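# Coordinate inspection notes
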Amino acid sequence: MARTLTQQLPHDVALGAPRGVASGGAPLLLQRSDGDFIDAVLDEIASTEGRARLLATRAAARNQRQVLKLFQPIQRQHHLAMLEAWCDTPGTPRLDPARVESAGLVVRRVRRAGSATEEGWMRSRGRLRGWLPVQRIGGAARDPASQLRLHSGHTGVADIDHELVQLALQSEDTLLNEHVVPMFVAPPEVCKAAGKTVYYGLVPTVSSEQAETAPVFDEANTFGPESADFRNHLVQALRGDAMDFPLDGETLNSAWAEAAEIATTLRPQGLSTDHWNRLHPGGGSRSSMQRFLRLLRQLDGEFNAFAGTSATAQALRLQLAAIALPLKLREGETVARTVNAEVFLRQAVQVLVQRDGQAARPEMPVRWPALPGHQASALRLALSRAVAERFVQLNPAPGRFDDPGAQYVVRAFVRLKPECGCPARIVWSDATEPFVIAPWFEGSGAPPVRIDLPDITAPGLLASLKPNVSFTVPPALQSLLGGNPKDLMEGKPPSGPGITIGWICSFSIPIITLCAFIVLSIFLSLFDLIFKWMAFIKICIPFPKKGD
């Protein structure tokens with residue numbers, strides 16, 4: 001009787017790479033570029049010769065640090081995880097698929113190379129929570145489904161189980177669900193021919209999902225207000241150092257920015273000859289004007305100092321308002337004059353950066369004074385907080401695979417059905433070797449996509465390339481395009497009211513492609529003088545012309 005009972009007890013189940021193809025307790029990761037790769041893989045696993053071919057498609061690409069590298073579908077590469085399940089008993093027979101309730105895989109992020117800390121892509125109560133440590137769901141071996149975890153500890157006594165559930169629900173982590181990719185068992189005839197119970201599933205390497213959490217600006221705390229990188233990034237005035245201003249005592253003119261930053265030999269309209277001589281290339285005030293414009297752009301663009309309404313922006317403006325900028329003494333003046341830095345810089349941004357013709361035009365101060373140590377530190381702290389807030393405003397929530405340097409692992413599992421009076425249980429595989437995901441622009445080794453360009457010498461071909469795409473052009477843009485090309489190149493707006501009606505312009509896509517190819521070839525040659533890249537990015541080989 002005892003012997004019969006022992007035979008009925010459930011035994012352990014082992015998971016790992018398909019035996020005879022690879023070894024180890026982790027899923028086998030394949031890299032496939034063939035079109036119908038799933039059917040091809042299932043066909044190969046069923047025979048000895050096929051399994052040899054299958055091993056040749058094992059993911060093996062590595063980055064410069066020799067970390068395993070997977071590719072994205074846009075690179076025409078797909079990755080498949082294969083798993084074998086067998087009974088961990090003498091003879092190790094294959095597992096009966098009827099014993100399996102479901103199977104799946106999870107992609108987990110590894111926080112640091114060599115670390116055992118794994119993060120799962122989680123959601124809870126209809127919200128996408130993003131990457132969270134798997135300890136939040138009880139560890140790497142717990143079921144990724146919250147409802148199954150919640151009921152796994154049931155005692156069978158209804159009242160006790162109800163109280164246990166209510167107690168567990170008091171924790172916000174109880175209903176966390178880790179994203180699972182389903183794995184499918186190979187067809188019975190494939191498993192029979194292979195002598196294995198094989199599961200397979202696609203490994204995701206791209207996702208449009210974004211977590212409903214704010215992005216972290218400086219997770220490693222390497223860009224704080226006193227860090228060398230942050231201080232060196234700031235223009236010297238914002239570091240708290242003294243900085244002379246150009247054209248001090250003069251009334252701000254929006255043409256200054258054009259004169260100081262555009263390499264032209266023509267004096268901009270509205271600029272005096274004296275100012276032009278000082279601001280044009282070679283002029284004595286050109287570099288200091290460029291530095292001043294950088295100060296304005298940092299405050300306006302990076303730190304949102306004047307348009308922001310938050311407490312952080314207001315705190316930054318208070319720091320600027322505490323700085324007095326000395327004005328140039330005019331003839332006959334004996335009392336020093338100053339201007340509030342916040343007021344002056346706000347007006348300067350409107351005139352020189354935003355080119356607002358209606359804005360007040362203030363007088364240029366003499367210099368930005370050197371700040372006392374405590375005031376300089378307070379200013380840098382306000383700037384640091386402002387740029388962190390700006391980062392959150394301008395950056396979307398973190399995506400699943402946004403971090404280019406992140407490493408991931410794949411773990412697979414099977415859920416076994418209840419048997420012999422024992423409850424259902426989950427069995428996990430080992431983790432794969434950590435891997436990175438190649439950026440979309442990196443070559444994967446797949447053959448390039450071929451695009452046939454039209455032969456412009458073929459008789460009648462150009463006439464046959466009828467327009468097949470239309471663009472709706474608003475009046476302002478049509479007026480700009482219809483103006484003098486020379487003025488357009490120099491950034492001058494069209495004179496007069498221009499065209500006041502809309503247009504629809506039709507083109508031929510093959511002609512657009514041909515023009516783009518010609519322009520691309522020209523610019524590649526020009527930029528090759530700088531980047532020396534032609535030998536790597538453009539390969540042309542001859543081929544025999546097909547007969548008529």
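Residues numbered from 1 in each chain as written. Predicted model: local features only at pLDDT ≥ 70, side-chain atom pairs only at ≥ 80, totals over all residues. Heavy atoms only, no water.

## A few points about the overall build of the chain
- Looking only at helices and strands, the chain has 19 helices and 20 strands in total.
- Expressed as a percentage of its 548 residues, the buried residues of the chain come to 37%.
- Counting only contacts in the chain whose residues sit at least 6 apart along the sequence, the fraction spanning at least 24 positions is 71%.
- Surface accessibility of the chain: about 31,300 Å² in total, with carbon and sulfur atoms responsible for 57%. (Helix = DSSP H or I, 4+ residues; strand = E, 2+ residues; numbered from the N terminus. Buried < 20%, exposed > 50% of the residue type's maximum accessible area, 1.4 Å probe, protein only. Contact = heavy atoms within 4.5 Å. Areas by Shrake-Rupley, 256 points an atom, 1.4 Å probe, with all protein chains shown as cover.)

## Details of the side chain of Arg380
- Looking at the secondary structure, you find Arg380 in helix α14 (residues 373–394).
- Residue class for Arg380 comes out buried when judged on its relative accessible area of 5%.
- Polar contacts involving the side chain of Arg380 include one to the side chain of Glu226, which spans 3.1 Å.
- In this structure, Arg380 is in contact with Pro225, Glu226, Phe230, Arg231, Leu234, Leu238 and Arg239, ignoring residues within four places of it in sequence. (Polar contact = N/O pair within 3.5 Å; in protein donor to acceptor, adjacent residues only side chain to side chain.)

## A word on the packing of aromatic side chains
- On inspection of all chains with the given rule, the structure shows 18 aromatic pairs.
- Seen in terms of ring centroids, Trp440 and Phe441 are 5.6 Å apart; in terms of plane orientation they differ by 85 degrees. Their pairing is edge-to-face. An identical accessibility class is assigned to Trp440 and Phe441; each is exposed.
- Among the aromatic residues, ring-to-ring pairing joins Trp121, Trp131, Phe401, Tyr408 and Phe435 into one connected group.
- The residue whose ring lies beneath Arg19 is Trp86, and the NZ or CZ to ring-centre distance is 4.2 Å. (Phe/Tyr/Trp six-rings, centres within 6.5 Å; stacked < 30°, edge-to-face > 60°. Lys NZ or Arg CZ within 6 Å of the ring centre and 35° of its normal.)

## With respect to the confidence of the model for the chain
- Per-residue confidence for the chain gives a mean pLDDT of 88; residues scoring 70 or more make up 90%.
- In the model, residues 1–8 has pLDDT below 50 throughout and makes 1 contact with residues more than four positions away in sequence or in other chains. (pLDDT = per-residue confidence, 0-100.)

## Looking at the nonpolar core
- Counting 47 residues, the largest nonpolar core has Phe292, Leu295, Leu345 and Trp368 as its most contacted members.
- Mapped by element, the contributors of at least two residues to this core are α8 (236–239), α9 (255–261), α10 (273–279), α11 (286–302), α12 (311–321), α13 (341–353) and α14.
- A total of 7 residues in this core trace back to one element, the largest contributor, which is α13.
- Those residues within four positions of Trp368 in sequence are excluded, and the remaining contacts are Ala237, Leu238, Asp241, Ala242, Met243, Phe245, Leu320, Ile323, Leu325, Ala341, Leu345 and Leu379.
- Membership of the second largest hydrophobic core comes to 33 residues, among which are Ala85, Phe401, Val410 and Val427. (Core = buried A, V, L, I, M, F, W, Y, C linked by side-chain atoms within 4.5 Å.)

## What to know about the packing of α11 against α14
- It is the contact of α11 with α14, at a shortest axis distance of 9 Å, that shows an interaxial angle of 50 degrees. Considered as vectors, α11 and α14 are oriented oblique to each other. Contacts between α11 and α14 involve Leu299, Asp300, Gly301 and Glu302 on the former and, on the latter, Leu383, Val387 and Arg390.
- Partitioning the contact of α11 with α14 into residue classes produces 3 nonpolar, 1 polar and 3 charged. (Axes fitted to C-alpha atoms, helices over the stretch in contact; angles between N-to-C directions. Parallel < 35°, antiparallel > 145°, perpendicular 65-115°, else oblique. Nonpolar A, V, L, I, M, F, W, Y, C, P; charged D, E, K, R; others polar.)

## A short note on the side chain of Thr57
- Turning to its location among the elements, Thr57 is positioned in the loop between α3 (48–56) and β3 (68–70).
- At 2.7 Å, the side chain of Thr57 forms a polar contact with the backbone oxygen of Leu54.

## With respect to the packing of helix α2 (residues 37–45) against α3
- Interaxial distance between α2 and α3 falls to 6 Å at its minimum, and their mutual angle equals 130 degrees. Relative to α3, α2 is oriented oblique. Together, Val41, Glu44 and Ile45 of α2 and Gly50, Arg51, Arg53 and Leu54 of α3 make up the contact between the two elements.
- Looking at the contact of α2 with α3, its residues break down into 3 nonpolar, 1 polar and 3 charged.

## Regarding the environment of Leu318
- As for its placement among the helices and strands, Leu318 is situated in helix α12.
- With relative accessibility at 63%, the residue Leu318 sits in the exposed group.
- Distance from Leu318 to Glu342, taken between C-alpha atoms, is 7.9 Å for residues 24 residues apart in sequence.

## Section: unusual backbone geometry
- In the Ramachandran plot, Arg76 falls in the positive-phi region, its phi being about 60 degrees despite a non-glycine side chain.
- Structurally, Arg76 is set in the loop between β3 and β4 (78–87).
- Under the relative-accessibility criterion, Arg76 is labelled partly exposed at 36%.
- Positive phi, close to 55 degrees, is recorded for Arg355, a residue that is not glycine.
- If you trace the backbone, Arg355 turns up in the loop between α13 and β15 (367–368).
- A residue is classified by how much of its surface remains accessible, and Arg355, at 43% relative accessible area, is partly exposed.

## Structural notes on the pattern of salt bridges
- Summed over the entire model, instances satisfying the criterion amount to 25 salt bridges.
- With its nearest N and O atoms 2.8 Å apart, the salt bridge here joins Arg19 to Glu84. With Arg19 in the loop between β1 (13–16) and β2 (28–32) and Glu84 in strand β4, this pair connects stretches of sequence that are 65 residues apart.
- Exposure remark for Glu84: the relative accessible area of 0% places this residue in the buried category.
- Asp274 is the partner of Arg278 in a salt bridge, and the nearest nitrogen-oxygen pair spans 3.6 Å. Of the two residues, Arg278 and Asp274 are both situated in helix α10; the distance of 4 residues between them amounts to about one turn of the helix.
- Within the structure, one salt-bridge network assembled from shared partners comprises Arg108, Glu118, Glu178 and Arg411. (Salt bridge = Lys/Arg side-chain N within 4 Å of Asp/Glu carboxyl O.)

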